Amino acid sequence: MKPPALDFRNVNALWGSVVVETLVRSGVNRAVISPGSRSTPLAFAFARHPGVEAIPVLDERSAGFFALGLAKQDMRPVALLCTSGTAGANYFPAVIESHEAAVPLVVLTADRPPEMRACASGQTIDQQRLYGAYAHFYHELAVPEASEPLLRYLRQTVAHAVERALAPLPGPVHLNAPFRDPLAPIDDGGAIAAFAEGVDWERFFDRLAPPAPVMAVSDVPGFSHSVHGIIVAGPVSCADPAAHAAAVGEISRRLGWPVLADGLSPARNHAAAVPHLVTRYDAVLRNAAAAESLKPECVLCLGEWTTSKVLRAWIEASGAPVFFATERPDNRDALHASTRRIVVPLQALAMGLPVADAPNGYERLWAGYEARTRAALDARLAAEEALVEPKAAWIMGRCLPARSTVSVANSMPVRDMEFVWPANDLGIRVLFNRGANGIDGTLSTALGAAHGGAPSVLLTGDLALLHDSNGFLIAPRFRGSLTIVLINNRGSGIFEHLPVAQFDPIFEEFFATPQEADFERLCAAHGVEHVHVEDWSHFESLLSRLPAQGIRVLELRTDRKRDAAWRKEAFASAARPA
């Protein structure tokens, strides 16, 4: 019996449809397709399969990050398809981010057959291991042939690629797929159909199923609640943020240790689940006396280190033993501390911990500093009438609708999230590209994360948005709602916080890189709504109800030099003893 998605019109059509049918039965149901000729057999197979949402995206770099955003929704692999030549090279930034952030992608690059390579044939480059060590698995598929043994090889290779995209560590896999002409699904006179009649296709596919992730679990150490220990809850992008926060909360409850939660940690947005939650640690630790009195005796890091350089430097200086709990098998400890890795799911870690019979007072010391510092910063932010950048993140964390999705650009937006994003119980899901920490694909990733879902928000700076402005080309195909909060400070605000800022005029031209883009006209060119934010009251009203459909840009024009000075003074003031 023929599965309805198989195409028997010629050998390329059969080959492409077996690839796609295998992907679907292995759990891949979305594909982002960049237009081109050599990829025609696979493009038709994706477009015609009833179990696939196939989305065409013109710009390959945007397509790569759009697929990345789709995969972040539920951490299921998304297929990414392009033609031969340099098209696949434009996927490289997204492949790197997929690798560094452990997000599953199945990248398929079409290619010329071997006899058309290395002879100046058009749109042909060396695509062998194009992504180097960033691909968790690479294989060049055979040139299509009507042979049942070769089709079994094709099925198993594609299924294995999906497994490798998920385990032992999620990330990108790369299949290079050569095709000879004819590329279009032109009927070959029935030769392939006759071959196909001799194959039991239901039996051919019946053992395929979505693979289960494989976890490495080690013995859980016997932490003691009698020591002054801290839990660092770093940035985490996961399919179930509430479950992650609950696991973090259970670990804190059993140990009696405070949780220092990054602005990108689900713990900030499920605060009721996490006892002893601390969010203003960056400001607290700028006070030398507080930093000394809070010196830890043990550190447990969950997933990743926080963005805060202040916190990381304090941990390094403490000399405390560090335990790094992660489900990733690779080294994630950028501090190069004397660290013991615990490769274990957080829920299993929590269940293996002793239950604290009584707090030892260390968590109350942290709570006192947290309450005073938070009150000082909140009062400062509430009273500020000027459009200073940190206040945008602070307001978003207070007035966005419950269970919204917020994508955050790198550079200053992600740091303002850490500095001021409030602890809340709104269940907001925060997404980000912190694998390689670049600004590549910021808009396209946010569009992918919002596609087909509930209204979402992107917090971004001007340079990050301009760097990926081709992402607006996705707008005609976009189904969903994305509100872009644009911090336009006419350049790169993060460099204002680095020592190089004192070296004008070279600093301004080569580091701040000022720009004069007219975002209102840019939005108009793409049919995107643009709103110039007048004041904070206007901003709150725009965010309190998100539109059901479409893309809009809320532009806040700020002064990066003023805002850098504002941060420095405000955090220093909040850290002073009462």
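For the structure itself, consult the block above.
Residues numbered from 1 in each chain as written. Predicted model: local features only at pLDDT ≥ 70, side-chain atom pairs only at ≥ 80, totals over all residues. Heavy atoms only, no water.

A short note on the packing of aromatic side chains
Point 1. Scanning the entire structure with this criterion turns up ten aromatic pairs.
Point 2. Ring geometry for Trp 314 versus Trp 366: centroids 5.9 Å apart, planes at 85°, classification edge-to-face. One end of the pair, Trp 314, is in helix α11 (residues 309–318); the other, Trp 366, is in helix α13 (residues 362–383), and 52 residues separate them in sequence. There is no split in this pair, since Trp 314 and Trp 366 are both buried.
Point 3. A centroid spacing of 4.7 Å and a plane angle of 55° characterise the contact between Phe 419 and Phe 571, whose relative ring orientation is tilted. Pair noted here: Phe 419 is in helix α15 (residues 412–420) and Phe 571 is in helix α21 (residues 560–575), with a separation of 152 residues, a long-range link. (Phe/Tyr/Trp six-rings, centres within 6.5 Å; stacked < 30°, edge-to-face > 60°. Helix = DSSP H or I, 4+ residues; strand = E, 2+ residues; numbered from the N terminus. Buried < 20%, exposed > 50% of the residue type's maximum accessible area, 1.4 Å probe, protein only.)

Description of the sheet that holds strand β8 (residues 259–261)
Point 1. One open sheet accounts for six strands, arranged β9-β8-β7-β10-β11-β12; its pairing is parallel. Among the strands making up the open sheet, the edge pair consists of β9 (277–278) and β12 (339–343).
Point 2. As judged from the five bridges shared by strand β7 (residues 229–233) and strand β10 (residues 298–302), these two strands associate in the parallel manner. Note on β10: the bridge partner recorded for Val 232 is Cys 301.
Point 3. Sheet strands in contact with α11 are β7, β8, β10 and β11 (322–326), and its direction is about 145° off that of β7. (Pairing = 2+ DSSP bridges. Contact = heavy atoms within 4.5 Å. Axes fitted to C-alpha atoms, helices over the stretch in contact; angles between N-to-C directions.)

Thoughts on the pairing of strand β3 (residues 78–82)
Point 1. With five of its five residues buried, β3 lies for the most part within the structure.
Point 2. Across the two faces of β3 the burial is the same, with Val 78, Leu 80 and Cys 82 and Ala 79 and Leu 81 all buried.
Point 3. As defined by bridge partners, strand β1 (residues 30–33) adjoins β3 across three bridges and the pair is classed as parallel. Each bridged residue has a counterpart across the sheet, and for Ala 31 the counterpart in β3 is Ala 79.
Point 4. The pairing of β3 with strand β4 (residues 105–111) spans five bridges and is classified as parallel.

Re the side chain of Ser 98
Point 1. Inspection of the secondary structure assignment puts Ser 98 in helix α4 (residues 92–101).
Point 2. Overall, the relative accessible area of 0% leaves Ser 98 in the buried class.
Point 3. If near-sequence neighbours (up to four positions away) are discounted, Ser 98 is found in contact with Leu 68, Val 103, Leu 105, Gly 171 and Pro 172.

So, the pattern of salt bridges
Point 1. On inspection of all chains with the given rule, the structure shows 27 salt bridges.
Point 2. The salt bridge involving Arg 254 is made with Glu 250; its shortest N-O contact spans 2.8 Å. Residue Arg 254 and its partner Glu 250 are both found in helix α8 (residues 241–255); the two are separated by four residues, about one turn of the helix. (Salt bridge = Lys/Arg side-chain N within 4 Å of Asp/Glu carboxyl O.)

Describing empty space enclosed by the protein
Point 1. If you walk through the whole model with that rule in mind, you get three cavities of 30 Å³ or more.
Point 2. Taken as a whole, the largest cavity spans an internal volume of roughly 110 Å³.
Point 3. Put simply, the parts of the chain that give the lining of the largest cavity at least two residues each are β13 (405–408), β14 (429–432) and α16 (442–450).
Point 4. If you tally residues by element for the lining of the largest cavity, the top one is α16, at three residues.
Point 5. Within this model, the second largest cavity holds a volume of roughly 50 Å³.
Point 6. Residue lining of the second largest cavity: Val 236, Ser 237, Cys 238, Pro 241, Leu 264, Ser 265, Pro 266, Asn 269, Ile 428, Arg 429, Val 430 and Leu 431, and that is the complete set. (1 Å grid on protein atoms, 1.4 Å probe; cavity = no way out; pocket = protein on both sides within 12 Å on 5 of 7 lines; lining within 4 Å. Points joined across faces, edges and corners; volume = space filled by probe spheres on them.)

Comments concerning the environment of Val 232
Point 1. With respect to the helices and strands, Val 232 occurs in strand β7.
Point 2. In this structure the C-alpha to C-alpha distance between Val 232 and Phe 137, which are 95 residues apart in sequence, comes to 32 Å.
Point 3. Beyond its immediate stretch of four places on either side in the chain, Val 232 contacts Leu 260, Val 299, Leu 300, Cys 301, Leu 302, Trp 305, Thr 306, Leu 311 and Ile 315.

As for the sheet that holds β3
Point 1. Judged by pairing direction, the sheet is parallel, and its six strands sit side by side in the order β2-β1-β3-β4-β6-β5 without closing on themselves. Edge positions in the sheet fall to β2 (53–56) and β5 (137–140), since each of these pairs with one other strand and no more. Looking at each pair of strands side by side, their axes are set apart by 15° on average, direction ignored.
Point 2. Contacts from helix α2 (residues 40–48) reach β1, β2, β3, β4 and β6 (172–178) within the one sheet, and its direction differs from that of β3 by about 140°.
Point 3. Here helix α5 (residues 148–166) sits on the sheet and contacts β4, β5 and β6; the angle it forms with β5, its principal contact strand, is near 160°.

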